[in-house]
Amino acid sequence: MVDRPNKPSAISPTTMSPQPTVTIADDNSTVTAKLPSGEEVTVLLHGATVLSWKAAGGQELLWLSEGAVLDGSKPVRGGIPLVFPVFGPPPKNHATSSLPQHGFARSSRWEYLGKSSTEAQSTTSDNSIKLDFGLYSTALSAEARKAWPYDFGLVYSVTLSKEGLQTMVTVQNEGKEAFEFQVLLHTYFRVKDISKTTVTGLAGLPFIDKVANATQGNPAPTVTFSGEVDRVYTNIPQSTTSILDADGKPYIDVVRDNLSDTVVWNPWTEKAKGMGDFQPKDGFKHMVCVEAGAVEGWTKLEAGETWEGGMLAKSHL
Ligand SMILES: O=P(O)(O)OC[C@H]1O[C@H](O)[C@H](O)[C@@H](O)[C@@H]1O
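Throughout this document, residue positions are counted from 1 along each chain, in the order its sequence is written. For a predicted model such as this one, the threshold for reporting local features is a pLDDT of at least 70, and the threshold for listing and counting side-chain atom pairs is 80 or more; totals across whole chains, interfaces and linings nevertheless cover every residue.

**So, the overall build of the chain**
Phase 1: The helix and strand inventory of the chain stands at three helices and 19 strands.
Phase 2: The globule rule puts the C-alpha radius of gyration for 317 residues at 20 Å, and the 21 Å found for the chain is close to it.
Phase 3: When its C-alpha atoms are laid out on the principal axes, the chain stretches across 85 × 55 × 35 Å.
Phase 4: Every C-beta atom is placed from the backbone, and the number of other C-beta atoms within 10 Å of a residue's own sets its class: buried at 20 or more, exposed at 12 or fewer, partly exposed in between. Across the 317 residues in the chain, those meeting the buried criterion constitute 39%.
Phase 5: For the chain, the share of sequence-separated contacts (at least 6 apart) that also reach a separation of at least 24 residues comes to 65%. Strands are runs of DSSP state E lasting at least 2 residues, helices are runs of H or I lasting at least 4, and numbering of each runs from the N terminus. Restricting the calculation to C-alpha atoms gives the radius of gyration, and the globule rule supplies 2.2 Å times the number of residues raised to the power 0.38. Whether two residues are in contact is decided by their C-beta atoms, placed from the backbone, lying within 7 Å.

Encoded structure:
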């Protein structure tokens, strides 16, 4: 008797171990990855914005405004909008001058390029899953292309593991002339109580205080929140920033990779009131932005060159 060609071989523990799942929404708007251990991430193709990151127990780690607009008509208020190629209002007399605040990446529709995963070697080892998203100059709106007429390719890799969420940006100059850019992972972390939240790892470092409109604020051992905070820390020597929870216990570590700057932002009462998509209005009590980036000066990329940078957010939950 001849064996069926597709007869399965003996089932090994490896093939029995549960694998990560990836789900694309029916309307093609989001991609969600889930690990067998329960961690989950959802990315909106609009802006390649990470909307949600959940710990194994289901706790949401990112803050997303209830008024966030997800239909592509404006950038998302919450999650992780990706800032590129300029941070904040573009400076005058620069190649980015005609772009909107924070550039076009968060306002463009990205392409889902696919997934790759590390397979568990046994039922006890950890899986991880990587989702790749792409944005190319050829896919930009005519308006953005006119405002920043360079040939580029961006790949944004979102990797979910038990350790945390890694978000890496690769910028490729596909044109014939050099260009300059800034990049920032504008991450809105969810916190229980902002008045009991502190950010450490930036101790003693000078910063640009955007609230006081001062080029240098007073360095302090930790960042605490009792009013609007909008600070740009640059040239940071150490690699880790921690957000501490109320009990002084580590909650999330933000580890930078090839990024030397960090923006810390909380809009507090008045600024929150002024943002139509910031809901509820007292939502600032439950969020803090700790944004890893390269926003001091410019990163110059010559024709044909590639740059990569990003962050790993490690949950202590
Ligand atoms: O309202 P957006 O354009 O999303 O910007 C939100 C915030 O982004 C960063 O954190 C800046 O440092 C802030 O000055 C700005 O207000």
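**Looking at the sheet that holds strand 2 (residues 30-34)**
Phase 1: Two strands make a pair as long as DSSP finds a minimum of two bridges between them. Strands sit in the order 1-2-3-4 across an open sheet of four strands; the sheet is antiparallel. Unpaired on one side and paired on the other, strand 1 (21-24) and strand 4 (49-54) mark the two borders of the sheet. Averaged over all pairs of adjacent strands, the angle between strand axes in this sheet comes to 15 degrees, irrespective of strand direction.
Phase 2: With five bridges joining them, strand 3 (residues 40-44) and strand 4 adopt antiparallel strand pairing. Across the sheet, the residue bridging to Glu40 is Lys54, located in strand 4. Axes here refer to lines fitted to C-alpha atoms; in helices the fit is confined to the stretch in contact. Angles between the N-to-C directions go from 0 to 180 degrees.

**Digging into the nonpolar core**
Among soluble globular proteins, nonpolar side chains are generally buried collectively.
Phase 1: By definition, a nonpolar core groups buried Ala, Val, Leu, Ile, Met, Phe, Trp, Tyr and Cys residues that connect through C-beta atoms lying within 7 Å of each other. Within the largest apolar cluster, 79 residues are counted, with the highest numbers of intra-cluster contacts made by Val43, Leu62, Leu82, Leu154, Tyr156 and Phe189.
Phase 2: Ranked by residue count, the leading element in this core is strand 18 (residues 287-301), at eight residues.
Phase 3: Each residue touching Tyr156, except ones within four places of it in the same chain, is listed here: Ala48, Leu82, Trp110, Phe133 and Val169.

**Considerations on the site of the ligand**
Phase 1: Lining the immediate surroundings of the ligand are Pro75, Gly88, Gln101, His102, Lys210, Asp230, Val263, Trp265, Cys289 and Glu291.
Phase 2: Every element with two or more residues in the shell around the ligand is listed here: strand 17 (261-266) and strand 18.
Phase 3: All residues other than Ala, Val, Leu, Ile, Met, Phe, Trp, Tyr, Cys, Pro, Asp, Glu, Lys and Arg, Gly among them, are scored as polar; the first ten of these are nonpolar and the last four charged. Taken together, the residues of the shell around the ligand break down into four nonpolar, three polar and three charged. Using the backbone to place each C-beta atom, any residue with that atom within 6 Å of a molecule or strand is considered near it.

**Topic: the UniProt feature "binding site: substrate" (unreviewed entry) in the chain**
Phase 1: UniProt positions are given in the numbering used here, feature names are shortened, and annotations may be inferred rather than shown by experiment. The residues that UniProt annotates with the feature "binding site: substrate" (unreviewed entry) are Arg77, Gln101 and Arg106. Spatial clustering of the annotated residues is evident: they stretch over 30 residues in sequence, but the largest pairwise C-alpha distance comes to 13.7 Å.
Phase 2: With respect to the helices, strands and loops of the structure, Arg77 is situated in the loop between strand 4 and strand 5 (82-83).
Phase 3: With sequence-adjacent residues up to four places away left out, Arg77 is seen in contact with Ser65, Gly67, Ala68, Met275, Asp277 and Phe278.
Phase 4: In this structure, Gln101 sits in the loop between strand 5 and strand 6 (111-118).
Phase 5: Note on Gln101: 12 C-beta atoms within 10 Å, which makes it exposed.
Phase 6: Not counting residues up to four positions away in its chain, the partners in contact with Gln101 are Gly88 and Pro89.

**A closer look at the UniProt feature "active site" (unreviewed entry) in the chain**
Phase 1: Taking the numbering used here, the UniProt-annotated feature "active site" (unreviewed entry) corresponds to His186 and Glu291. Look at the named residues: they lie 106 residues apart in sequence, but the longest C-alpha span between them is just 4.7 Å, so in the fold they bunch up.
Phase 2: With respect to the secondary-structure elements, His186 resides in the loop between strand 10 (179-185) and strand 11 (188-190).
Phase 3: For His186, a count of 23 C-beta atoms within 10 Å translates into the label buried.
Phase 4: If we ignore the near neighbours within four places in the chain, the residues touching His186 are Ile80, Pro81, Val83, Cys289 and Glu291.
Phase 5: Turning to its location among the elements, Glu291 is positioned in strand 18.
Phase 6: Residue class for Glu291 comes out buried when judged on the 25 C-beta atoms lying within 10 Å of it.

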